[in-house]
Amino acid sequence: IMGFGAIALWFLFLAILFGAVLGALSGFLVKRRDPGSIITRMLIGFFGGIIAIVIIAIDFDLVIVPPIEAIGIIAGGAVLLLFIYSLIVDKRKTT
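Residues numbered from 1 in each chain as written. Predicted model: local features only at pLDDT ≥ 70, side-chain atom pairs only at ≥ 80, totals over all residues. Heavy atoms only, no water.

1. Focus: the overall build of the protein
Part 1: Along the backbone of the protein there are three helices and zero strands.
Part 2: A buried classification covers 33% of the 95 residues belonging to the protein.
Part 3: Across the protein, the fraction of contacts at a sequence separation of at least 24, relative to all contacts at a separation of at least 6, is 76%.
Part 4: Entry remark: accessible area of the protein is about 6200 Å², with carbon and sulfur atoms responsible for 77%. (Helix = DSSP H or I, 4+ residues; strand = E, 2+ residues; numbered from the N terminus. Buried < 20%, exposed > 50% of the residue type's maximum accessible area, 1.4 Å probe, protein only. Contact = heavy atoms within 4.5 Å. Areas by Shrake-Rupley, 256 points an atom, 1.4 Å probe, with all protein chains shown as cover.)

2. As for the environment of Leu-82
Part 1: Structurally, Leu-82 can be placed in helix 3 (residues 67–94).
Part 2: Leu-82 sits in the buried class, given a relative accessible area of 7%.
Part 3: Along the primary structure Leu-82 and Phe-47 are separated by 35 residues, whereas in three dimensions their C-alpha atoms are 9.6 Å apart.
Part 4: Ignoring any residue separated from it by four or fewer positions in sequence, one finds Leu-82 in contact with Leu-22, Gly-23, Ser-26, Arg-41, Ile-44 and Gly-45.

3. Remarks on helix 2 (residues 38–59)
Part 1: The terminal C-alpha atoms of helix 2, which comprises 22 residues, lie 31 Å apart, in line with the 32 Å expected from a rise of 1.5 Å per residue.
Part 2: Within the sequence span of helix 2, burial applies to Arg-41, Ile-44, Gly-45, Phe-46, Gly-48, Gly-49, Ala-52, Ile-53 and Ile-56. (Expected span 1.5 Å × (residues − 1).)

4. Quick look at the nonpolar core
Part 1: Counting residues in each nonpolar core, the largest one holds eight residues, listed as Ile-7, Phe-11, Leu-14, Ala-15, Ile-53, Ile-56, Ala-70 and Ile-74.
Part 2: For this core, the secondary structure elements donating two or more residues are helix 1 (4–29), helix 2 and helix 3.
Part 3: With four residues, helix 1 is the single largest residue contributor to this core.
Part 4: In this structure, Leu-14 is in contact with Gly-19, Ile-71 and Ile-74, ignoring residues within four places of it in sequence. (Core = buried A, V, L, I, M, F, W, Y, C linked by side-chain atoms within 4.5 Å.)

5. Observations concerning the confidence of the model for the protein
Part 1: For the protein, per-residue confidence averages 77 on the pLDDT scale, and residues scoring 70 or more make up 79% of the total.
Part 2: The weakest mean pLDDT in the protein belongs to helix 1 at 79; the strongest belongs to helix 2 at 81. (pLDDT = per-residue confidence, 0-100.)

What follows is the structure, given as structure tokens:
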């Protein structure tokens, strides 16, 4: 059984990995010109994953969340923050 610190580090690693991967994928999947680079999108995906981890830590106990559910929550947080970023960028282009 892992301690709380080891579990928190594991979730941080998952946030870095999945946030960066989803950010990079979103950069390749979006066909339009975007002022943000792949690295910008990877960082936004990473921070979305971190926000998701904070929500997990506040709402649930990190110890009771299975890793597969945590991956889904982290991916959801990353995708949500990337979606908000794309809305902000689109709004800036039109004004």
